[in-house]
2 protein chains.
Amino acid sequence: MVTLKNIAEELGISITTVSKALKEYPDVSEKTRKLVRETAALLNYQPNSFAVNLRTKESKTIGLIIPVVVHHFFSSVIKGIIAQAEKKGYLVIILQSNESYELEQKQIDLLLRKRVDGILISLANETSDFSHLNKVINQQTPIVMFDKIAKVVKCSKVIIDDRKAAYTATQYLIDIGCKKIAHFRGPLLPQNSIDRFLGYKKALLDNDLEFDVSLVYTCECGDASFEEGKANAKQLLKDHDDVDGIFINTDLVAIGAMKEFNDRGVKVPEDINIVGFSNWFMASVISPSLTTINQPGLEMGKKAFKLLFKEIKSRKANKLITHKQVVLDTDLVVRDSTKNK
Amino acid sequence: MVTLKNIAEELGISITTVSKALKEYPDVSEKTRKLVRETAALLNYQPNSFAVNLRTKESKTIGLIIPVVVHHFFSSVIKGIIAQAEKKGYLVIILQSNESYELEQKQIDLLLRKRVDGILISLANETSDFSHLNKVINQQTPIVMFDKIAKVVKCSKVIIDDRKAAYTATQYLIDIGCKKIAHFRGPLLPQNSIDRFLGYKKALLDNDLEFDVSLVYTCECGDASFEEGKANAKQLLKDHDDVDGIFINTDLVAIGAMKEFNDRGVKVPEDINIVGFSNWFMASVISPSLTTINQPGLEMGKKAFKLLFKEIKSRKANKLITHKQVVLDTDLVVRDSTKNK
């Protein structure tokens, strides 16, 4: 590693002068500064970023905690975040919580110890206590939540309107003539799974359709989503063979359900219409292609970083941080798993 | 933020004593050390990781440069890397090169300036000059390449035997009776795309089948892979309507090709047998499900981190670093896009 001392020796000047020259101090002549700059470039000198960090109190690094990485929506969010961070010269440390509350807590502590400039987080399904997040806020480290958020935590958030999106999906099933609509919901805790369920329920009631709790099936929506979709579809056929539409919490579960129906000779969309949620890439390539709610992952990642960046700048300037909640638009992508209107 | 000074004031002792106590220096009594530890915990004191970094000359952070994030194989690799890094207390900074050589160079410089303890990289398709990697090696920063590697760069590598895997895939098509086998290859530069092509060619020649260069179609295998698969399939039907098997460089292109064949009434596997490469999750859920080579992404990520960790430890202990090349096993997953043997 080339040091300031090497440059000083090369030029026969003091280390202090070299250091000052590189920081563009006016008490070093422009001639010397130029010489030092050129020599530094020639020797391929790289400033010690730890020392720079100590001086500026900025790490130019943010932390990202995400439930899962191998997931079309979340990997799109990651892409959006690192693309935007790169533009602003920030690096992103990525941690995967595996939907575990305990791990998420540890990762928050680790990032605080690392003195990252800010944190982006989408909560684990397990998380129902938010003291670790409040600790971040109390320490005045900027934090922005996205997708899986906690309403009670006071920080900026980027979300979609899950309830509205679910309402739209269910209303579409009603509009094409479905009379008995089931729902495969996600786990009980995360807000987005609750909101999607409530949107489904509200659409039924607004259209004077009966809400029947036995038509609601739960899935964990983890690694085994595809299998859960198959199992729920199998059970549904046993319980209610007259269901003509299903609104499903996530595409992967919907794809599992379609596989099961296909294997059992139940035709989609002739016998059962299906609407998924998220618009995974594979939704467009399977047969029949899946009607689904498009969830803007890339845009969500970019927006979350932008909000965080603003807060980091505000904090640095000792300005008051004001929290924002950004709600991104979703849209229904109509494909072949539903009948035409 | 709680500082050493706060702890010192709380206890009415000097900052030096607090600092020494936290570092477990023996010239501070165990009683005082215990008191300081407890007070630090009580006040939620967190050591300044920049200062710790300066002292230990370790950042406990590694950099990962990857061509794309939204990609089943690469996101599996990321998962493997961050899982293994977490076990060893390392953080992972992720950068996406977007298959750009220029960006990749900049990212290497950025990581060196950040003084990461080591770098993991899978090369951009564009990269054909390796001076940026040799710079890393000359600076004695440990670096491990995985999947898309450069044979001439002297560092540790984790790969699969692409040539052998492609040979196996092509041999399987021959074994089920295919007489005229096409190949959709990847871009011209990356080693793995070259090796897969060579494996295909060798299998043909070993079985006394003619190698016909007009049966080889190229695709960029980027974001538009699915569309490229469709376009190649369309062209293939025009050029050679008697092809009965295709070995395809990557699953997404294969899925595009199957879609095109399906739309044109060409039956898979009755008319054309297809073998993909990578075993994306979606390969198992489409209809017909795709026969493909399983590429162990998670395992590759774990192994790459393990090699890097070893080198970081060796370097720290001023031991000689010996480079290793690890070749992971692949296997052919037979599904419904090929006839039975």
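Numbering of residues begins from 1 in every chain and follows the order in which that chain's sequence is written. Chain A is the first chain written and ligand 1 is the first ligand written, with later ones labelled in order. In keeping with the model being predicted, local features are shown solely for residues with a pLDDT of at least 70 and side-chain atom pairs are shown and tallied solely at 80 or more, while totals for entire chains, interfaces and linings include all residues. Here the side-chain values reflect all heavy atoms present in the structure, with hydrogen atoms and water set aside.

## Quick notes on the overall build of chain A
Numbering of helices and strands runs from the N terminus, with a helix taken as a DSSP run of H or I at least four residues long and a strand as a DSSP run of E at least two residues long. Counting its secondary structure elements, chain A contains twelve helices and twelve strands. Whereas a compact globule of 341 residues would reach a radius of gyration of roughly 20 Å, chain A reaches 26 Å, over 25% beyond that. Seen along its three principal axes, the alpha-carbon backbone of chain A occupies a region of about 90 × 40 × 30 Å. Exposure classes here rest on a 1.4 Å probe applied to the protein chains alone. A residue is buried below 20% of its type maximum, exposed above 50%, and partly exposed in between. Across the 341 residues in chain A, those meeting the buried criterion constitute 56%. The contact rule is simple, with two residues in contact once any of their heavy atoms fall within 4.5 Å. Counting only contacts in chain A whose residues sit at least 6 apart along the sequence, the fraction spanning at least 24 positions is 72%. Using a 1.4 Å probe, accessible areas were evaluated by the Shrake-Rupley method; residue-level cover was limited to the displayed protein chains. In the structure as shown, chain A presents an accessible area of about 14,900 Å², 50% of it carried by carbon and sulfur atoms. We count Lys and Arg on the positive side and Asp and Glu on the negative side, and we leave His and both chain ends out. For charged residues, the charge sits on one atom: NZ in Lys, CZ in Arg, CG in Asp, CD in Glu. Between the averaged position of the 48 positive side-chain charges in chain A and that of its 42 negative side-chain charges there is a distance of 10 Å. Taken over C-alpha atoms, the radius of gyration is set against a globule rule of 2.2 Å times the number of residues to the power 0.38.

## A closer look at the packing of helix α5 (residues 72-87) of chain A against helix α12 (residues 297-316) of chain A
Residues and elements named next belong to chain A. The angle between two axes is taken between their N-to-C directions and runs from 0 to 180 degrees, where each axis is a line fitted to C-alpha atoms and a helix contributes only its stretch in contact. Axis separation between α5 and α12 bottoms out at 7 Å; the angle between their running directions is 40°. Classified by the interaxial angle, the pair formed by α5 and α12 is oblique. The crossing of α5 and α12 is right-handed. The residues of α12 that touch α5, namely those facing Phe73, Ser76, Val77, Lys79, Gly80, Ile81, Gln84 and Ala85, are Gly297, Leu298, Met300, Gly301, Lys302, Phe305 and Lys306. Gly falls in the polar group here, along with every residue not listed as nonpolar (Ala, Val, Leu, Ile, Met, Phe, Trp, Tyr, Cys, Pro) or charged (Asp, Glu, Lys, Arg). Among the residues making up the contact of α5 with α12, the classes are represented as seven nonpolar, five polar and three charged. When an angle is under 35 degrees it counts as roughly parallel; over 145 it counts as roughly antiparallel; between 65 and 115 it counts as roughly perpendicular; any other value is oblique. For any pair of crossing helices, the crossing counts as left-handed if the nearer helix is rotated counterclockwise from the farther one by less than a right angle, and right-handed if it is rotated clockwise.

## Observations concerning the interface of chain A and chain B
By a widely used convention, the size of an interface equals the accessible area lost when the partners come together. Counting residues at the interface gives 49 residues for chain A and 49 residues for chain B. Buried area: the sum, over both parts, of the accessible surface (1.4 Å probe) that disappears when the two are put together. Carbon and sulfur atoms make up 62% of the surface buried where chain A meets chain B, a total of about 4,900 Å² over both sides. Between Lys or Arg on one side and Asp or Glu on the other, a salt bridge is scored when a side-chain nitrogen of the former is within 4 Å of a carboxyl oxygen of the latter. Connecting chain A to chain B are zero salt bridges. Any N or O atom pair separated by 3.5 Å or less is treated as a polar contact, with the protein-specific requirement of one donor-capable and one acceptor-capable atom, and with residues adjacent in sequence counted only for side-chain atom pairs. In this assembly, chain A and chain B are joined by eight residue pairs in polar contact (both at pLDDT 80 or more). Elements with a minimum of two residues in the side of chain A that touches chain B: α4 (49-56), α5, β2 (91-96), α6 (101-113) and α11 (251-263) of chain A. Per-element tally for the side of chain A that touches chain B: the top contributor is α5(A), with seven residues.

## Quick word on α5(A)
Residues and elements named next belong to chain A. Helix span, expected: 1.5 Å multiplied by one less than the number of residues in the helix. In this model α5 runs 23 Å from its N-terminal to its C-terminal C-alpha over 16 residues, within 8% of the 22 Å that 1.5 Å per residue would give. Within the span of α5, buried status applies to Phe73, Phe74, Ser75, Ser76, Val77, Ile78, Gly80, Ile81, Ile82, Gln84 and Ala85. Directly after α5, the chain includes Gly89, whose backbone phi takes a positive value near 75°.

## Topic: the environment of B:Arg185
Residues and elements named next belong to chain B. Assignment of secondary structure puts Arg185 in strand β6 (residues 181-185). Residue classification places Arg185 among the buried residues on the basis of a relative accessible area of 8%. Each C-alpha atom of the pair Arg185 and Asn249 lies 5.1 Å from the other, and the pair is 64 residues apart in sequence. Ignoring anything within four residues of it in the chain, the contact list for Arg185 reads Ser193, Ile194, Phe197, Val216, Tyr217, Thr218, Cys219 and Asn249.

## A few points about the packing of aromatic side chains
Only Phe, Tyr and Trp rings take part, Trp by its six-membered ring, and two of them pair if their centres are within 6.5 Å. Stacked means planes under 30 degrees apart, edge-to-face means over 60, and tilted covers everything else. For the structure shown, the criterion picks out 18 aromatic pairs over all chains. Geometrically, the ring pair formed by A:Tyr90 and A:Phe305 is edge-to-face, given 6.0 Å between the ring centres and 65° between the ring planes. Within this pair, whereas A:Tyr90 is found in the loop between α5 and β2, its partner A:Phe305 is found in helix α12, the two being separated by 215 residues in sequence. The interplanar angle of 65° and the centroid separation of 5.9 Å between the aromatic rings of B:Phe197 and B:Phe211 together place this pair among those described as edge-to-face. Note that B:Phe197 is positioned in helix α9 (residues 191-206) and B:Phe211 in the loop between α9 and β7 (216-218), a separation of 14 residues in sequence. With a relative accessible area of 14%, B:Phe197 lands in the buried category. Under the relative-accessibility criterion, B:Phe211 is labelled partly exposed at 23%. Two limits define a charge over a ring: the Lys NZ or Arg CZ must be within 6 Å of the ring centre, and within 35 degrees of the ring normal. Over the aromatic face of A:Phe277 sits the side chain of A:Arg196, whose NZ or CZ is 3.7 Å from the ring centroid. Across the ring face of A:Phe211, the terminal group of A:Lys201 is positioned such that the distance to the ring centre comes to 4.8 Å.

## Points about the domain arrangement of chain A
Residues and elements named next belong to chain A. Segmentation of chain A into domains returns domain 1 (4-47), domain 2 (59-159 + 297-328) and domain 3 (162-295). At the interface, twelve residues of domain 2 touch 13 residues of domain 3. With both chains or domains summed, domain 2 and domain 3 bury close to 1,000 Å², and 54% of this area falls on carbon and sulfur atoms. Of all residues in domain 2, His72, Asn125 and Lys151 give up the largest surface area on contact with domain 3, accounting jointly for 46% of the area buried on that side. What fixes the domain bounds is an automatic or database domain assignment.

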